[in-house]
Amino acid sequence: MFLISKPKLVIAQSRSGVVGSFPTLNARSVESLREWLAEINEAVADANTPYAANLIVHRSNTRWEADLAAVVEHRVPVVITSLGLRSEVVGAVHSYGGIVLHDVINNRYARKAVEAGYDGLIAVATGAGGHAGTLSPFALLSEIRQWFDGLLLLSGAIAHGRSVLAAQAAGADLAYVGSAFIATDEADAADAYKQQISTSEAADIVYTNLFTGVHGNYLRGSIVAAGLDPDNLPVSDPSVMNFGSGGNADAKAWRDIWGSGQGIGTVDQVVPVATLIDRLTREYVEARQRLAALTTPELLPVK
């Protein structure tokens, strides 16, 4: 999560049993990134769960090559790329045994990533926080699974354990959870942002490309607070998208306009990461038990 996921959050996630991740541009310089990676590697050295770094490879990101060099130097176990394909990333990460995943919003982009040698895909469906797609998760996963049997993750409105199970039932191997972790003690987000996550629901999410040039989901309350009408936002020119040396951190796009996915209706308080993961785990187990009960022979419809 841009400007939110930093070492403290990633370490807490990985040490609690999930794969924590962060965009490399959250570190304000390449040197800071190296320091972060060293800190994370030391903190999770005895954990059983790896961590991931998200590398934005859009042409406007003037740092992506230097960031990749830092990632290789510190042997980041999982690398996620977004907003473009770079086959050189795959080769560099494979050189030390890491794996590379790619964000995709449709079947065409999924095929291109696999053809470029990527190890797995993150299907970013409608309702995801940040730069979300527009396809139903059922449609997107089904189309990809028709031809791809590799590692597949689902992103989009997942903030409850039953949603994690649903993602697997629909064809994903893993679920990709973002917005729920904004409302945690370890997330580097303003208290007002965390509170707005915990008091909002799906109807409070606005889908627009105004702020970055790429369509994404944002909290209605933050748009109103910025003096804008969320129901009458102008359309931005996609060519203005810019991730050069840290993107739009100095503009309102990420500092004052707050991204969020549609799944936050199940988030009602700010808690430590470990508490959130315990909740998701408990809900997942309960959902599996409920599903098993629904599919026992005595409960199946009589033909």
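Just so it is clear, the structure is predicted and the values come from calculations on it, not from any experiment.

What counts as what
Residues numbered from 1 in each chain as written. Predicted model: local features only at pLDDT ≥ 70, side-chain atom pairs only at ≥ 80, totals over all residues. Heavy atoms only, no water. Buried < 20%, exposed > 50% of the residue type's maximum accessible area, 1.4 Å probe, protein only. Helix = DSSP H or I, 4+ residues; strand = E, 2+ residues; numbered from the N terminus. Arc of directions from axis to C-beta. Contact = heavy atoms within 4.5 Å. Core = buried A, V, L, I, M, F, W, Y, C linked by side-chain atoms within 4.5 Å. Pairing = 2+ DSSP bridges. Right-handed = clockwise from strand over helix to strand, strands pointing away.

Draft legend 1. Seen up close, helix α3 (residues 64-73). Along α3, the residues classified as buried are Trp64, Asp67, Leu68, Ala70 and Val71. The buried residues of α3 occupy an angular sector of 160 degrees when projected down its axis, which confines them to one face. Close packing links the buried residues of α3 with α2 (30-43), β2 (51-56), β3 (78-82) and α4 (87-94).

Draft legend 2. Geometry of the nonpolar core. Membership of the largest hydrophobic core comes to 42 residues, with the highest contact counts inside it found for Phe22, Val76, Val79, Val89, Leu121, Ile144 and Leu154. Contact partners of Leu121, with chain neighbours within four places excluded, come to Leu101, His102, Val104, Ala110, Ala113, Val114, Ile144, Phe148, Leu151, Leu152 and Leu153. With 22 residues, the next largest nonpolar core counts Leu9, Ala159, Ile205 and Ile277 among its residues.

Draft legend 3. Structural view of the pairing of strand β4 (residues 99-104). In this structure, β3 lies alongside β4, joined through four bridges in parallel fashion. When the sheet's bridge partners are listed, Val78 is paired in β4 with Ile99. Sheet topology note: the β4/strand β5 (residues 120-124) ladder contains four bridges and is parallel. Residue pairing for β5: His102 is matched across the bridge by Leu121. Note that the unit made of β4, helix α5 (residues 107-115) and β5 has a crossover that is right-handed.

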